[in-house]
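Each chain is listed here by its residues.
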Amino acid sequence: MEMTLAGLRVLREVAERGTFTAAADALGYTQSAVSRQVAALEQATGARLFDRYPGGVRLTGPGRALLRHAVVALDAVAAADRELSGAQAAERGRVRLGFFPMAGAVIVPRALAMLRQDHPHLQVTTREGTTPALVRALRSGTLDLALLTSRPPHRSPDTDAPPLSVEPLLETQLAVAVPAGSPFAERGSISVEELAAAPWIASPGTPDEPLLGIWPGLPGRPEVRHTARDWLTKLQLVAAGAGITTATPALLPAVPPGLRMVPVEGVAEEARLVSLVRLPGPPGAPVQALARALRQQAAELAA
């Protein structure tokens, strides 16, 4: 049995999505069709390509090796199709960026605005996601760059080979966003004990990432009064007096009126590192141009 393009597409989609079900939804296949394609690939290669575990699948060593070649092959076929259809010129300046949610409030929009001035013909597509989802997209070749955030000790976002290229851009400290009219707003800091009794506004948790928006390691069971995925929605809820949430000073340019950022006392500082991540190897000119714009915006926020 030989490998097929359909099988390689299924391999890439499953590797990116993390489950057969999600890959089937993205491709418009049934789950059984995805399973058959994977089984056919495993028969053709004579190797197990995915390890199954509760909640999803993960590439094996042979699976990662095949994925690297599959990405090259599928990109080459896509490039040939564009050239034959006369769209090659329009696509030559294309770059795909993924980012964590808070980056979409300040860093990414400003970088794209700068890029439009310096490189008006460069086509950028973006995607917001969790760190695990964005790393899978990088590995599967559906993203060129990703802005990721991490907590100390700031390890590489995955342990697969070859190692990802990780470039630190900006370090900031986590703080608490409070309504301007609250008693906390006029003080220099908030204690952990006070935070434990406060109403919170958080993002709903996912299998990839825990509940976001609550101070890490808070004792007891915090009262989550509102949930919202979008960070600006959470900040607007804070400004309206609906509760408090965690945020970083990097968001200050996008903070709505009626809100203050206050540090937390009595605990170790919660540092957050924003990094630019991509696959190893020399980047193309479009990727370099976008990376420069992101570096400049990060430097301006750090200044």
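Description of the structure in this document. This is a predicted model, so every value here is computed, not measured. (Residues numbered from 1 in each chain as written. Predicted model: local features only at pLDDT ≥ 70, side-chain atom pairs only at ≥ 80, totals over all residues. Heavy atoms only, no water.)

### A word on the side chain of Lys234
Thinking step 1. Its location among the elements puts Lys234 in helix H9 (residues 231-239).
Thinking step 2. Setting aside anything within four residues of it in sequence, one finds Lys234 in contact with Ile201, Ala202, Ser203, Leu212, Gly213, Ala228 and Thr245. (Helix = DSSP H or I, 4+ residues; strand = E, 2+ residues; numbered from the N terminus. Contact = heavy atoms within 4.5 Å.)

### Focus on helix H2 (residues 20-27)
Thinking step 1. Residues Phe20, Ala23 and Ala24 constitute the buried set of H2. One side of H2 holds all its buried residues, which, seen down the axis, span an arc of 100°.
Thinking step 2. Along its buried surface, H2 packs onto helix H1 (5-17), helix H3 (31-45), strand E1 (50-53) and strand E2 (56-59).
Thinking step 3. A positive phi of about 75° marks Gly28, the residue just after H2. (Buried < 20%, exposed > 50% of the residue type's maximum accessible area, 1.4 Å probe, protein only. Arc of directions from axis to C-beta.)

### Describing the pairing of strand E7 (residues 175-179)
Thinking step 1. Among the five residues that make up E7, five are buried, leaving the element largely enclosed by the rest of the structure.
Thinking step 2. Residue alternation in E7 divides its side chains into two sets, Ala175, Ala177 and Pro179 and Val176 and Val178, and both sets are buried.
Thinking step 3. Where E7 lies against strand E11 (residues 245-247), three bridges are found, and the strand directions are antiparallel. Paired with Val176 across the strands is Thr246, a residue of E11.
Thinking step 4. Bridge count for E7 against strand E12 (residues 259-262) is four bridges, and the pairing is antiparallel. Residue Val176 lies in a different strand from E12, and its bridge partner there is Val262. (Pairing = 2+ DSSP bridges.)

### Here's the deal with the nonpolar core
Thinking step 1. With 40 residues, the main nonpolar core has Leu147, Leu170, Leu290 and Leu294 as its most contacted residues.
Thinking step 2. If you list the elements that add at least two residues to this core, you get strand E3 (94-99), helix H6 (107-118), strand E5 (145-150), strand E6 (165-173), H9, strand E14 (271-278) and helix H10 (285-302).
Thinking step 3. Take this core: its biggest share by element is eight residues, from H10.
Thinking step 4. With residues up to four places along the chain from it excluded, the contact list for Leu170 reads Ile107, Ala250, Arg272, Leu273, Val274, Ala298, Leu301 and Ala302. (Core = buried A, V, L, I, M, F, W, Y, C linked by side-chain atoms within 4.5 Å.)

### A closer look at the pattern of salt bridges
Thinking step 1. Using the criterion set out here, one finds 13 salt bridges in the structure.
Thinking step 2. Between Arg139 and Asp158 there is a salt bridge whose closest N-O contact spans 2.9 Å. Note that Arg139 is positioned in helix H7 (residues 131-139) and Asp158 in the loop between E5 and E6, a separation of 19 residues in sequence. The burial state of Arg139 is the same as that of Asp158; both residues are buried.
Thinking step 3. Put simply, Glu223 and Arg225 hold a salt bridge, and the shortest N to O gap is 2.8 Å. (Salt bridge = Lys/Arg side-chain N within 4 Å of Asp/Glu carboxyl O.)

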